[in-house]
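# Structural overview for review
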Amino acid sequence: MELGQTKALKSEAAGGRFSRLRLREGANVHRVLFGPKRIQMVYYPTLIEDTETGDMTQRAKLLRRPPGGTTPLDVLASLERRIRKSRGEKDPRSNLDPTTRFLYLIMDMEGDDYPNVEVVEYPYKVKEQLIELEEAISTRDANKLRHGLLTMFNVIITKRVDPKKPPMYGTTYTVEVDPDNKYSGRVPKSYLGKAISELPKLKPERFFKEAEWKAIEESTLLLEDEAQADTLEEMQDKLEEFPLFLGGKKDGNYMFPSIEQFQEQMEKLGMSFLASDAIDAPAPKRLEEGPADSLGEAEDAEFEEVEEGEEVEEGEEVEEGEDEEEGEEVEEGEDEEEDEEEDEDEDEVFEEEIEEEEPKKKSKKSKKKSAAKPRESAKKGGKKKADKGKPSW
């Protein structure tokens with residue numbers, strides 16, 4: 001599998017079929033391996049029979065929206081916004097608006113499946129903080145990264161939910177670098193935006209424990225496959241098998257403001273649906289023929305769980321991401337010029353610094369005797385290593 005937070009993927013993210021890991025409330029210690037990949041998902045309520053009680057229970061299904069594409073649920077989302085606006089709501093949002101998430105391949109360092117490679121779903125704010133951390137420049141050397149490449153160190157992602165607010169308004173995320181990071185201030189900034197495979201002098205196995213590297217080599221996950229959008233045919237099949245429940249509730253309130261108008265619109269579109277009283281009479285209303293180009297495969301979930309990580313800004317994230325793509329394209333040429341000029345010299349310096357670790361660990365007494373001597377010996381040893389041209393990675 002590939003490693004790195006590449007410029008191409010960062011730009012595309014600013015622009016499936018997966019079993020995804022979601023952030024737990026509290027601290028999550030992750031090693032980010034590859035990403036990001038943007039995906040848009042539309043969640044909708046349906047009813048599924050409880051296998052134990054036989055009762056019809058509300059669950060959420062999702063459609064994976066193609067980039068720049070649409071789903072027939074977009075028509076209903078537009079209808080909901082119009083109804084809410086006519087009732088005096090400012091900047092109304094629909095419960096069927098797409099949610100933007102960013103997929104990464106990661107290792108959950110404290111998870112039950114450690115050290116397996118997993119797909120994680122991060123919100124926009126986490127994705128932005130990850131990019132900022134990796135791009136931070138050292139305060140001591142403007143040619144070095146403050147923390148190193150993202151794959152070299154663990155990050156601590158803390159999710160907090162304010163119980164006094166609805167989850168979509170009261171959920172916050174902070175991302176920090178694990179203090180135990182031996183690559184701080186030592187990696188050339190010219191490495192930024194490249195996959196590890198593009199840096200042949202590095203030996204990525206040195207960033208991981210033996211079991212972790214073995215799990216990475218054995219992983220068959222491909223991020224592009226995991227983030228693959230649904231086709232219109234797949235969406236049609238999903239909405240036919242699990243029709244939209246017009247009586248769906250969120251936080252105790254009905255999700256759709258005018259069930260009568262929704263029902264009328266869905267009948268015009270030829271879409272199957274579950275009436276608002278379907279819990280008592282669960283048979284879905286189906287029309288004899290639906291449109292050929294209608295509607296997704298999705299995943300079962302408690303609707304409350306699905307909505308837990310939503311943020312107010314998510315309706316605007318698509319626009320922010322598109323702006324970001326344009327900015328990245330401008331910077332791309334500049335970085336490439338820097339790479340050509342600085343790569344060779346900085347590789348040698350980086351290798352010298354890494355090789356300093358061994359003599360430092362061997363003798364604690366020599367450190368106490370003289371702080372100046374290790375620096376001198378490191379310089380001498382560094383020149384020899386650089387002359388030989390043997391990379392330590």
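The following paragraphs examine the structure supplied in this document. Throughout, a residue's number is its position along its own chain's written sequence, starting from 1. It should be noted that, the model being predicted, local features are given only for residues of pLDDT at least 70 and side-chain atom pairs only at 80 or more, the latter also being counted only at that level, while totals for whole chains, interfaces and linings use all residues. Think of the side-chain values as coming from all heavy atoms in the structure, minus any hydrogens and water.

Right, let's get into the packing of aromatic side chains. Pairing of aromatic rings covers Phe, Tyr and the six-membered ring of Trp, with a centre-to-centre limit of 6.5 Å; geometry is then stacked below 30 degrees between planes, edge-to-face above 60, and tilted otherwise. Considering all chains together, one arrives at six aromatic pairs under this definition. A centroid spacing of 5.9 Å and a plane angle of 25 degrees characterise the contact between Phe208 and Trp213, whose relative ring orientation is stacked. Whether a residue is buried, partly exposed or exposed follows from its accessible area with a 1.4 Å probe, protein chains only, as a fraction of its type maximum: under 20%, in between, or over 50%, in that order. Phe208 gets classed as buried once you look at its relative accessible area, which sits at 9%. The buried category is assigned to Trp213, whose relative accessible area is 18%. By the ring-pair criterion, three or more aromatic residues cluster together here, those being Tyr183, Phe207, Phe208 and Trp213. When the ring centre of Phe102 is taken as reference, the NZ or CZ atom of Lys127 above it lies at 4.7 Å. The rule for a charge over a ring is simple: NZ of Lys or CZ of Arg within 6 Å of the ring centre, and within 35 degrees of the ring normal.

Before going further, it helps to spend a moment on the pairing of strand S4 (residues 99-108). A run of DSSP states H or I qualifies as a helix once it reaches four residues; a run of E qualifies as a strand once it reaches two. Both are numbered from the N-terminal end. For S4, the buried fraction is high: 10 of the 10 residues fall into the buried class. Only when DSSP finds a minimum of two bridges between them are two strands counted as paired. Both strand S2 (residues 26-49) and S4 contribute to a ladder of nine bridges, which runs antiparallel. By the bridge assignment for S4, Val32 is matched with Ile106. Here S4 pairs with strand S5 (residues 118-122) via five bridges, running antiparallel. Each residue of the ladder has a partner; that of Ile106, found in S5, is Glu118.

Ranked by internal contacts, the top residues of the largest apolar core, which has 48 residues, are Tyr122 and Leu130. Those elements that provide at least two residues to this core are S2, S4, S5, helix H3 (124-135), strand S7 (155-161), strand S8 (171-177) and helix H5 (210-218). Counting residues per element, this core draws most heavily on S2, at seven residues. For Tyr122, the contacting residues outside a window of four places in its chain are Leu23, His30, Val32, Arg101, Phe102, Tyr104, Ile106, Leu130 and Ile157. The next biggest cluster of nonpolar side chains, apart from the first, holds 21 residues, and it includes Val42, Leu63, Met255 and Ile259. Buried Ala, Val, Leu, Ile, Met, Phe, Trp, Tyr and Cys residues form a nonpolar core when they are joined through side-chain atoms within 4.5 Å. Any two residues whose heavy atoms approach within 4.5 Å at even a single point are treated as in contact.

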